[in-house]
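Fold and contact review
Chain by chain, the residues:
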Amino acid sequence: MASAPLLLEQFIYKKRNFVYAFVRHRLFTLCKQSLIRVQSAEGIKRIEISPKSNLKQLYDSVQNVLKVDGFGLFMERNFATELHASGSQLVGSALKHGDMVYLKQIAGTSSRRTSTTAIDNMSFNSAKLSTDRLTNSLRPSIDVIEDEVDQQLFKSSGTIKRERDSKLCHHNANGRCVHCSPLEPYDENYLKEHNIKHLSFHSYIRKQTSGMDHGKYFVFDDINCRIKPGCREHPPWPKGICSKCQPSAITLNRQTYRHVDNVMFENTKIVERFLNYWRTTGHQRMGWLYGTYEQHTDVPLGIRARVAAIYEPPQESSRDSINICPDENADEVDAVAKALGLKKIGWIFTDLITEDASAGTVKQIRGIETHFLTAQECITAGELQNRHPNPCKYATNGTFGSKFVTICVTGDQTKQVHMEGYAVSAQCMALVRDNCLIPTKDAPELGYVRESTDKQYVPDVFYKEKDQYGNEVQRLARPLPVEYLLVDVPASTPLQPQFTFTEYDKRQPFPIENRYIDGHLQDFNALSNYLSAWGEEDFLEAISDFHLLVYLYKMDMLPLRQHMGPLLEAVRSKNPNKAAEFKTDEVWKLLESLVQASSTGGGTTSYPSGATASTGAAGADAMDLDANTWTCSHCTFINRGELNSCEICSLPR
């Protein structure tokens, strides 16, 4: 009998693991709690949850314990069976006490997240509140004001209607079958039949939110190529790095969607006026596209960029290059465009080399055998798209991608001038933003991903291609073909020309800004000659010129900027009555009197000639004579006596 306690003690301590597990199991059973093990990259964590809780609450518990976002839970180690975060399915029906689930971070531009800010307490058993729950489940995580066209497309059904087939449909006119029911905007067969290469952005969103959960956990995650700051487990880079702060490797994929599906120039004269600089000088040219975004009916839930004007910033160009200079008037141009209901929607540049001037042909230097855009142009496009992000309520930071387009004017296969439209992918925008992508020196079609240095850590970037045996292999992006970063956007003009501004048929248009060549200068004489060619009854049509309005807005000699609000509204609404009211304003009457005096007095250009500039010092003694000089009352410049208008401001004597 004395050996009985000793045997019990030996049983408890020798079999401690068994007894401990048994007691813990009985304890969780009595407390009605289940222990779920979650295996992740950081190890195994234990989650205590009631079997009567739903899977959505399990996702919330995992997020709170592991401090992660954008993940999925799977039953098997190979991530075959996923546990969807359902509000109706209980934990006890899918998992038992002690089961292990496997956590996987969802990589790429979209993932299923566990953030409850976009989740509504919805039950799929009730059909009465299904519509309200669908609307609430798509609620953004943060307050984001999207573009007007995005708001319109979000409210649209987007389905593709089909007519009743007389041969296959055997129902009445009010019925529907598989042969005539509406198609979803992302239907693959429909896109192939109509030769639509990319999904529209809103069609892609509809596709991602079309499941049973209506995309409650769908979100666009921004790609991060930098080390996460604030890690205290090791010294900062380059002395230390860990899996928590290290950015993941990136595999480049061709983007299946695009934010803008078409670029439409309202009329050919917009492009022709832009190309006149190249035709005159032979130098390349660049400009900003100003216009609006509207619905594109040829693509399901598509968006079209409508170009109304091209503004040419200060630049230094040659036959082979363009150098964009800082623009002091950029804010004024944007202010005028905003008052007219326009915004900056893209940029355009030329790459033209004349082959036969008599025949009007140009060389084809871009194509599938050479390149579509150079690596430097892709980096520039990525930088511009990062400056003009697209507001999106499905994005973690409120913006994702960009509607900013790139237009290249070059020669085609027939050696004629044509336009090609592009946009770079979200992956390219991230690489450019984090300063990971640079151009190559000798091959314009190849980019290069930087290598890590002591100052910057750059993650590995890969792309996939087929080798000589037809096998898909993974390559390191050093170098990188830029085709993996491009999304082509068709660019065209409508059959019926449209005009937001003046349609120039016979009259000479107002000169374009920042063109310092003869016949293209913007000065007071050019303004006087332009306004003198129009009658009083054509005032609204005469003033409806984007370049003229920008010139008047930034003109310093007269305070027109503070008074141009009604004029810009009249041009935007095409209201002749408002334009006539502005014409009676004292400021405009003063401008008209100066124009009339300049036209009768015979003015000269505001830019001094080269001879005058070079002999300025030699003529200083002659200008001391009062008889041979006169002082401008507007800008106080001392002019020569034989001039009837100021050599600086071109106003009359």
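Residues numbered from 1 in each chain as written. Predicted model: local features only at pLDDT ≥ 70, side-chain atom pairs only at ≥ 80, totals over all residues. Heavy atoms only, no water.

Some details on the overall build of the protein
The helix and strand tally for the protein stands at 20 helices and 29 strands. Out of the 653 residues in the protein, the part that is buried amounts to 44%. Within the protein, contacts between residues at least 6 apart in sequence are counted, and of these 66% link residues at least 24 apart. (Helix = DSSP H or I, 4+ residues; strand = E, 2+ residues; numbered from the N terminus. Buried < 20%, exposed > 50% of the residue type's maximum accessible area, 1.4 Å probe, protein only. Contact = heavy atoms within 4.5 Å.)

Observations regarding the packing of aromatic side chains
Under the definition given, this model contains 22 aromatic pairs. On the numbers, 5.3 Å between centres and 75 degrees between planes, the contact of Phe-74 with Phe-79 is edge-to-face. Taken together, the ring pairs in this structure connect Phe-201, Tyr-204, Phe-218, Phe-220, Tyr-257, Tyr-394 and Phe-400 into an aromatic cluster. Cation over ring: Lys-403 sits above Tyr-293, and NZ or CZ is 5.8 Å from the ring centre. The ring of Trp-534 has Arg-507 lying over it, and the distance from NZ or CZ to the ring centre is 4.0 Å. (Phe/Tyr/Trp six-rings, centres within 6.5 Å; stacked < 30°, edge-to-face > 60°. Lys NZ or Arg CZ within 6 Å of the ring centre and 35° of its normal.)

Regarding the sheet that holds strand S4 (residues 82-83)
Reading across the sheet, the five strands line up as S2-S1-S5-S3-S4 and stay open at both edges, with mixed pairing between neighbours. A single partner strand is all that each edge strand has here, and the edge strands are strand S2 (43-49) and S4. Relative to strand S5 (residues 100-105), strand S1 (residues 34-40) is paired through three bridges, and the arrangement is parallel. Within S5, the position partnered with Val-38 by the bridge is Val-101. Docked against the sheet, helix H3 (residues 55-66) engages S1, S2, strand S3 (71-74), S4 and S5, running at close to 130 degrees with respect to S2. (Pairing = 2+ DSSP bridges. Axes fitted to C-alpha atoms, helices over the stretch in contact; angles between N-to-C directions.)

So, helix H16 (residues 565-573)
Where H16 is concerned, the buried positions are Leu-567, Leu-568, Ala-570 and Val-571. What you see down the axis of H16 is that its buried residues fit within an arc of 160 degrees, all on one side. Where H16 is buried, its residues contact helix H10 (330-339), helix H14 (539-543), helix H15 (546-553) and helix H17 (576-583). Two residues or fewer after H16 comes Lys-574, characterised by a positive phi angle close to 55 degrees. (Arc of directions from axis to C-beta.)

Topic: the side chain of Thr-209
Following the sequence through the fold, Thr-209 ends up in the loop between helix H8 (201-208) and strand S8 (218-220). Judged by relative accessible area, Thr-209 falls into the buried class, the value being 10%. Polar side-chain contacts of Thr-209 include one of 2.8 Å to the backbone oxygen of Ile-205. (Polar contact = N/O pair within 3.5 Å; in protein donor to acceptor, adjacent residues only side chain to side chain.)

What about the pattern of salt bridges?
Enumeration according to the criterion identifies 28 salt bridges in this entry. A salt bridge links Glu-355 to Lys-415; the nearest nitrogen and oxygen atoms lie 3.2 Å apart. A residue pair is termed long-range when its members are at least 10 positions apart, and Glu-355 in strand S17 (residues 354-356) and Lys-415 in the loop between strand S19 (405-411) and strand S20 (417-424) qualify at 60 residues. Residue Arg-433 is joined to Asp-434 by a salt bridge in which the shortest nitrogen-to-oxygen separation is 3.1 Å. Residue class for Arg-433 comes out partly exposed when judged on its relative accessible area of 32%. Connected through shared salt-bridge partners, Asp-147, Asp-150, Lys-343 and Lys-403 make up one network. (Salt bridge = Lys/Arg side-chain N within 4 Å of Asp/Glu carboxyl O.)

Examining the pairing of strand S22 (residues 446-449)
Only one face of S22 is buried: it carries Gly-447 and Val-449, and the other face, with Leu-446 and Tyr-448, is open. Across three bridges, strand S21 (residues 437-439) lies against S22 in antiparallel orientation. Residue pairing in the sheet places Leu-437 in a bridge with Val-449 of S22. Between S21 and S22, which pair antiparallel and follow one another directly, the connecting turn spans six residues.

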